[in-house]
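Working through the structure, step by step
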Amino acid sequence: MSRSATSSKTVGLAIRRRFLASEALRGFSLLSPTLLAMVFGLAMPLLVLFTLSFWLQDYVDFIKTFSWKNYSDFFAKPIYGMILIKSIKISGMVTLATVLLAYPMAYFIAFRIKANKLVWLILITVPFWTSYLLRVFAWKVMLGYNGVVNSGLKSIGLISEPLEFLLYNPTAVTLTLAHAWAAFAILPIYVSLEKIDRSLLEAARDLGENAFMTFVRVTLPLSMPGVIAASLLVFIPTVGDYVTPSLVGGPSGIMIGNIIQSMFGKAFNWPLGAAISVMVMLTVTAMVCVFLWGTHRFRRRVA
Amino acid sequence: MNANRPWWRPDGFTVYAVIYLTFIYLPVLFLPLFSFNKSKYIAFPLKGFTLQWYQKMINTPDLLEALMNSVKVGVAVAILSTMFGLLAAKAVTRYRIPGRGAVMGFIMVPLVIPGIILAISLLILISQLDIPLSLWTVGFAHMLLCTPFAMLVLISRMEGFDRCLEEAALDLGENAWMTFWRVTFPIVLPGIVASLLLTFTISFDEFVLAFFLTSTDPTLPIYIWSSLRFPTKIPAVLALGASIFVISFFVVAFAEWFRRRGVKTDSTSGF
C-alpha cells in the first residue's frame, strides 16, 4: 500500500520534472489557450462548412443526409464556374497591379530615402485610416456620373456629356481593389528590401554586374519573399470580396462573394452556399500552390 | 533623397513616388471635401461651405450608437487578441516547439482565408449551436481575425530582446510570474501597445464578419453600409469619416511618441 503510494508520488514528481524540463510541453501549455480558441473558432467552423456542403436545404431546415447534389449543381450551372473564374481573373489583375505599382515605391523608400523612412511609411498608410467602405465609396465619387473624373473632363471641355462607362464594370472593381489594398502590397515588399544586406549589392557591382543586372540577379530574388507575401495578402482576400463589386461593379462586375452572400441571404440556400465556398477555397489553394511552385522555380533559376 | 540633385530636377523614382502618393491620396481626399459641401448630393459642382453635416452627425442617435458598439467590440477584441497573441508569441519565441511552423501556420489561417468564407463558416457553426447572434459573436470573430496580427507584432518585438535578462532575473531569485511582470512585460510593452492599436483598428473597420454575425446591433461599418443606400445619410457619414481620420492622426502621433520612448528605454538599458 505505502509502496504504491510512494511510487505514485514519484511518478507524479517525475511527470512534474518532465513537464518543467520539456520545453515542448511548457511551450504548448503556454500556447494552449490561443490554440484552443483557434480550434474552436477556425477548425470547427470550417469542418461544419464542409459538412453542410453535403446537406440540402429544405425550406428552413436542412436535410442531413449525405448528398453530392450541391456540387453537381455547381458544375451543372455554368454561371457559378464562370463567376468564379471571373473573380480569379479580377483578383489576379488586382494582385499584379498592386505588386507592380508597389514595388518601385517600396524600393524607393528602402534604398533612396536615407532619413525619415518612418515618415514615408506613415505617409503611405495614412489614406488607409479611412474606413474600407468609404474608400470603396470614394471611387464611386471619382468615377460616378457627376463624379470627379467626369466633372474634370467636362470643365476642361474634353467631353460634353458625362461618360457612363467609367463605373459599374469589372475595370472599376479592379481599380478600386488595387487602390484599397495598396498598403498590403507595399509593406511586405518594403520589409524584404530593407532586410537585404547592402554589401551583397556592392559585391555584385564590384564583380562587374551593371545596375540593372544587379537588380535582376541580387535584389529581385532576395526580395521575392516580400513579393510572395504581398501577392498572397492581396490575392486571397480579394477573391472573396463582395463589398467592392456590390458598390462599383454593377451587374457585369459581380464576383463569387456576391453569389455566396446571396445564398446566405435572398436565395437562402445555405448548403449550396457552403459548397460554393468549398469550391472557392479549393480553387484558391490550388492557385496559391501553383504560384508558390512557380516562384520557387523562378528563384532557383535566377539565383 | 538624393543630396546632389536639385529638387527641380528629381530622378525617376521621386517622380514615381509623387504619382503613387497622388493615386492613393486623391480618392480619399474628396470625402472630407464633400463633408463640408452645402448639398446632400455627393456630386460636382460644390455648392458652398457648411458645418451642418457635422451637426447632423452629432444629432443622429443611430450613428452614435453604432459608433459606441464598434468602440466596445474593438476594445474587448484588442485586449483579448493581444493576450492570446502574447501567449502564442512567448511560446514560439521562448521554447523549441516541435511543429512550430504548423502551429504558427494554423494561427495565421484567418489572414489567408477570404473573409466571407470565415464569416459564413462561423455563422453556420453558431446557428447549429443555437447561439443567438449579437455583438459577442462579432467580437469572437474579430478576435480570431486579430490574434494572428497581434502574434506577428509581438513576435517581432520579442525576438529583438535579450533572453539573458529573463534568465538573470530567475537566477536572482524572482519567480516566473514576477520575472514576466518586472522584466519581460516592460520590455515588450511597446509591442503590446502596437498590438492593441492594430487589433482595435482592424476590429473597428471590419465589415464582412460583422455583417454576417450581428443581429440588431450594428457596428459602425454596418451603419455606414446601410447609409450608403440612402443618399441623404451619406454626408453625415462622410463627416464622421473625416472626424475619425483626425482622431486617428492624433492616436498615431501618440503611438509614435510612445514608441520612441520605448526605443530610448532600450538604449539606456544597454541594447
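The model shown is predicted, which means the values in this text are computed figures rather than measured ones.

On to the overall build of chain A, then. When helices and strands are counted, chain A shows 14 helices and 2 strands. Overall, the C-alpha framework of chain A stretches about 100 × 70 × 35 Å when taken along its three principal axes. Counting across all 303 residues of chain A, residues that qualify as buried make up 40%. Sequence separation of 24 or more characterises 71% of the internal contacts of chain A that already satisfy a separation of 6 or more.

Right, let's get into the overall build of chain B. Each helix and strand counted, chain B has 11 helices and 0 strands in total. Along chain B, helices and strands appear, N-terminal first, in the series α-α-α-α-α-α-α-α-α-α-α. Across its three principal directions, the C-alpha atoms of chain B cover 70 × 70 × 30 Å. Here chain B, with 271 residues, has 40% of them falling under the buried criterion. Of the contacts made within chain B by residues no fewer than 6 positions apart, 77% connect residues no fewer than 24 positions apart.

The next point concerns the interface of chain A and chain B. Each partner contributes to the interface: chain A provides 64 residues, whereas chain B provides 57 residues. In terms of residues, the side of chain A that touches chain B owes the most to one element, helix α2 (residues 23–52) of chain A, which gives 20 residues.

A few words on the packing of α2(A) against helix α4 (residues 100–108) of chain B. The interhelical angle for the contact between α2(A) and α4(B), taken along N-to-C directions, is 45°, at an axis separation of 10 Å. Comparing their axes, α4(B) and α2(A) come out oblique. Between α2(A) and α4(B) the crossing geometry is left-handed. In contact with A:Leu31, A:Thr34, A:Leu35 and A:Met38 of α2(A), α4(B) contributes B:Val103, B:Phe106 and B:Ile107. Across the contact of α2(A) with α4(B), the residue classes tally to 6 nonpolar, 1 polar and no charged.

All names here are of chain A. A positive phi angle, close to 60°, is found at Tyr168, a residue other than glycine. For Tyr168, the position within the fold is in the loop between α7 (148–155) and α8 (170–180). Phi at Phe268 is positive, roughly 45°, even though this residue is not glycine.

For the rest of this paragraph, the subject is the domain arrangement of chain B. A common way to report how large an interface is uses the accessible area buried once the components associate. Taken domain by domain, chain B comprises domain 1 (1–28) and domain 2 (62–268). Once you take the C-alpha centre of each, domain 1 of chain B and domain 2 of chain B turn out to be 34 Å apart.

It is worth spelling out the domain arrangement of chain A at this point. On domain assignment, one finds that chain A holds domain 1 (1–52) and domain 2 (69–302). For domain 1 of chain A versus domain 2 of chain A, the distance between C-alpha centres works out to 41 Å.

Before going further, it helps to spend a moment on helix α11 (residues 211–239) of chain A. Note on helix geometry: an α-helix contains 3.6 residues per turn, so any two residues three or four positions apart are oriented the same way. Compared with the 42 Å implied by 1.5 Å per residue over 29 residues, the 37 Å span of α11(A) between its first and last C-alpha is markedly short. The largest bend in α11(A) comes to about 45°, at A:Met224, with the proline A:Pro225 one to four residues further on.

Another point: the confidence of the model for chain B. Low pLDDT marks stretches whose predicted atomic positions should not be read closely. All names here are of chain B. Across chain B, the average pLDDT comes to 86, with 93% of residues at 70 or higher. Counted against residues more than four places away or in other chains, residues 266–271, with its pLDDT under 50, gives 2 contacts. For this predicted complex, the interface score ipTM comes out at 0.85, alongside a pTM of 0.85.

What follows covers the environment of A:Ser192. Residue and element names in this part refer to chain A. With respect to the helices and strands, the residue Ser192 is situated in helix α9 (residues 182–195). The spatial distance from the C-alpha of Ser192 to the C-alpha of Tyr145 is 42 Å, given a sequence separation of 47 residues. With near-sequence residues (within four places) excluded, Ser192 lies in contact with Ser223, Pro225 and Gly226.

In this structure, A:Ala102, A:Ala106, A:Ala185, A:Ile189, B:Ala119, B:Ile120 and B:Leu209 are the most contacted members of the largest nonpolar core, which totals 150 residues. Here this core takes 13 residues from helix α6 (residues 135–159) of chain B, the largest share from any one element. What A:Ala185 contacts, discounting residues up to four positions off in sequence, is A:Thr98, A:Val99, A:Ala102, A:Ala230 and A:Val234.

We now examine the environment of A:Ser131. Note on placement: A:Ser131 falls in the loop between α5 (117–125) and α6 (132–143). Separated by 31 residues in the primary sequence, A:Ser131 and A:Pro162 place their C-alpha atoms 28 Å from one another. Other than its neighbours up to four places away in sequence, A:Ser131 contacts B:Asp205, B:Pro221, B:Ile224 and B:Gly241.

As for its position among the elements, A:Ser8 is in helix α1 (residues 2–21). Placed 62 residues apart in sequence, A:Ser8 and A:Asn70 show a C-alpha to C-alpha distance of 56 Å.

Rules and cut-offs
Residues numbered from 1 in each chain as written. Chains lettered and ligands numbered in written order. Predicted model: local features only at pLDDT ≥ 70, side-chain atom pairs only at ≥ 80, totals over all residues. Helix = DSSP H or I, 4+ residues; strand = E, 2+ residues; numbered from the N terminus. Buried ≥ 20, exposed ≤ 12 C-beta atoms within 10 Å, placed from the backbone. Contact = placed C-beta atoms within 7 Å. Axes fitted to C-alpha atoms, helices over the stretch in contact; angles between N-to-C directions. Parallel < 35°, antiparallel > 145°, perpendicular 65-115°, else oblique. Left-handed = near helix turned anticlockwise from the far one by under 90°. Nonpolar A, V, L, I, M, F, W, Y, C, P; charged D, E, K, R; others polar. Domains from an automatic or database assignment. Expected span 1.5 Å × (residues − 1). Bend = angle between axes of the 7 residues up to and from the residue. pLDDT = per-residue confidence, 0-100. Core = buried A, V, L, I, M, F, W, Y, C linked by C-beta atoms within 7 Å.

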